[in-house]
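Residues per chain are reported as follows:
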Amino acid sequence: AQLRAWKLQVVAANAPNPGQDAPLARGKSKMRQDVRIAGWNAQRMSKTQIQFVDSLGYDVVFLLETHDSLNGMQHYGGQNRLLTAGPPPSDDTAGSVGVRLSEAAARCLNDWNTIPGAGTRAIWIHLNTTAGPLIAIGVYVPPDYRRNPTQADILGAVLKFIQGLPKDSMILMVGDMN
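Residues numbered from 1 in each chain as written. Predicted model: local features only at pLDDT ≥ 70, side-chain atom pairs only at ≥ 80, totals over all residues. Heavy atoms only, no water.

Observations regarding the packing of aromatic side chains
1) Next: Tallying each qualifying case throughout the model produces two aromatic pairs.
2) Next: Look at Trp 40 and Phe 52: their rings are 6.2 Å apart centre to centre, the planes differ by 65°, and that puts the pair in the edge-to-face class. Placement of Trp 40 in strand β3 (residues 37-41) and of Phe 52 in helix α1 (residues 47-55) is noted, with a sequence separation of 12 residues between them.
3) Next: Sitting over the face of the ring of Tyr 58, Arg 36 holds its NZ or CZ atom 4.4 Å from the ring centroid. (Phe/Tyr/Trp six-rings, centres within 6.5 Å; stacked < 30°, edge-to-face > 60°. Helix = DSSP H or I, 4+ residues; strand = E, 2+ residues; numbered from the N terminus. Lys NZ or Arg CZ within 6 Å of the ring centre and 35° of its normal.)

Here it is, written out as structure tokens:
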């Protein structure tokens, strides 16, 4: 199954790493495509699994509940191809996410980061498109017995983030909501 979100022309940009003030090199891509976005709770990820994800042909795949398996793999396969929220805290070992981008999507990435208040459990990307800014969010919400953070903590942080986005943003959220 595929998610056909928009028929669009992508506008290319290179995003700096979070926290850097490097200018973005923007340009136009002549490519037209359907944007294919998915989420996968694989519990842990390896380079072999990431290569499998690449073979599926998606533009954006949010990797949910990755534990610490993405540590050291930031940008695996090319600049901005694998973005990670970082290692989870020791008392929340499952709580980390990442996102795998196709080469085309990586060229269209304008910005990305974790969602404030959600720790390493939620990550967002901003892709430039001719249809307007596309903000895609990947979130791993903890089971209801977790207390630090709680489901309400994570969902509240995501809601606050979404409410702060420009009104013309197209927003898509993928997640493991437990």
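Digging into the sheet that holds strand β7 (residues 109-114)
Hydrogen bonds between backbone atoms are what pair the strands of a sheet, whose relative direction is either parallel or antiparallel.
1) Next: Strand order in this open sheet of four strands is β7-β8-β9-β10, and the pairing throughout is mixed. With partners counted over all chains shown, the strands left at the sheet margins are β7 and β10 (170-176), one partner each. Averaged over neighbouring strand pairs, the angle between their axes works out to 15° when direction is ignored.
2) Next: Note that β7 and strand β8 (residues 122-127) share five bridges and pair antiparallel. Counted as the bridge partner of Asn 113 is Trp 124 from β8. (Pairing = 2+ DSSP bridges. Axes fitted to C-alpha atoms, helices over the stretch in contact; angles between N-to-C directions.)

Overview of the sheet that holds strand β5 (residues 82-84)
1) Next: In space, the four strands of this open sheet follow the order β3-β4-β6-β5, with mixed pairing throughout. Edge positions in the sheet fall to β3 and β5, since each of these pairs with one other strand and no more. When the angles between neighbouring strand axes are averaged without regard to direction, this sheet yields 20°.
2) Next: Relative to strand β4 (residues 60-64), β3 runs parallel, the two being bridged by five bridges. Bridging from a neighbouring strand, Asn 41 pairs with Leu 64 of β4.

Considering a nonpolar patch on the surface
1) Next: On the surface, a cluster of nonpolar side chains totalling about 240 Å² of accessible area is made up of Leu 155, Met 173 and Met 177.
2) Next: For Met 173, the location among the structural elements is in strand β10.
3) Next: What makes Met 173 partly exposed here is its relative accessible area of 38%. (Patch = residues over 30% accessible without salt bridge, like charges linked within 9 Å, V, L, I, M, F, W, Y side chains within 5 Å. Areas by Shrake-Rupley, 256 points an atom, 1.4 Å probe, with all protein chains shown as cover. Salt bridge = Lys/Arg side-chain N within 4 Å of Asp/Glu carboxyl O. Buried < 20%, exposed > 50% of the residue type's maximum accessible area, 1.4 Å probe, protein only.)

Notes on unusual backbone geometry
1) Next: Residue Pro 149 follows Asn 148 across a cis peptide bond; omega there is 10°.
2) Next: Along the chain, the position of Pro 149 falls in the loop between β9 (134-140) and α3 (151-163).
3) Next: Not every positive phi belongs to a glycine, and His 75 is a case in point at roughly 70°.
4) Next: Despite not being glycine, Asn 178 shows a phi value in the positive range, around 45°.

Things to note about the nonpolar core
Among soluble globular proteins, nonpolar side chains are generally buried collectively.
1) Next: Ile 37, Val 60, Phe 62, Leu 83, Val 99, Leu 101 and Ile 125 are the most contacted members of the largest nonpolar core, which has 25 residues in total.
2) Next: With residues up to four places along the chain from it excluded, the contact list for Ile 125 reads Val 60, Phe 62, Leu 83, Val 99, Leu 101, Leu 109, Asp 111, Trp 112, Leu 134, Ile 135 and Ala 136.
3) Next: Ranked by size, the runner-up nonpolar core spans 13 residues in total, among them Ile 135, Val 139, Val 141 and Ala 157. (Core = buried A, V, L, I, M, F, W, Y, C linked by side-chain atoms within 4.5 Å. Contact = heavy atoms within 4.5 Å.)

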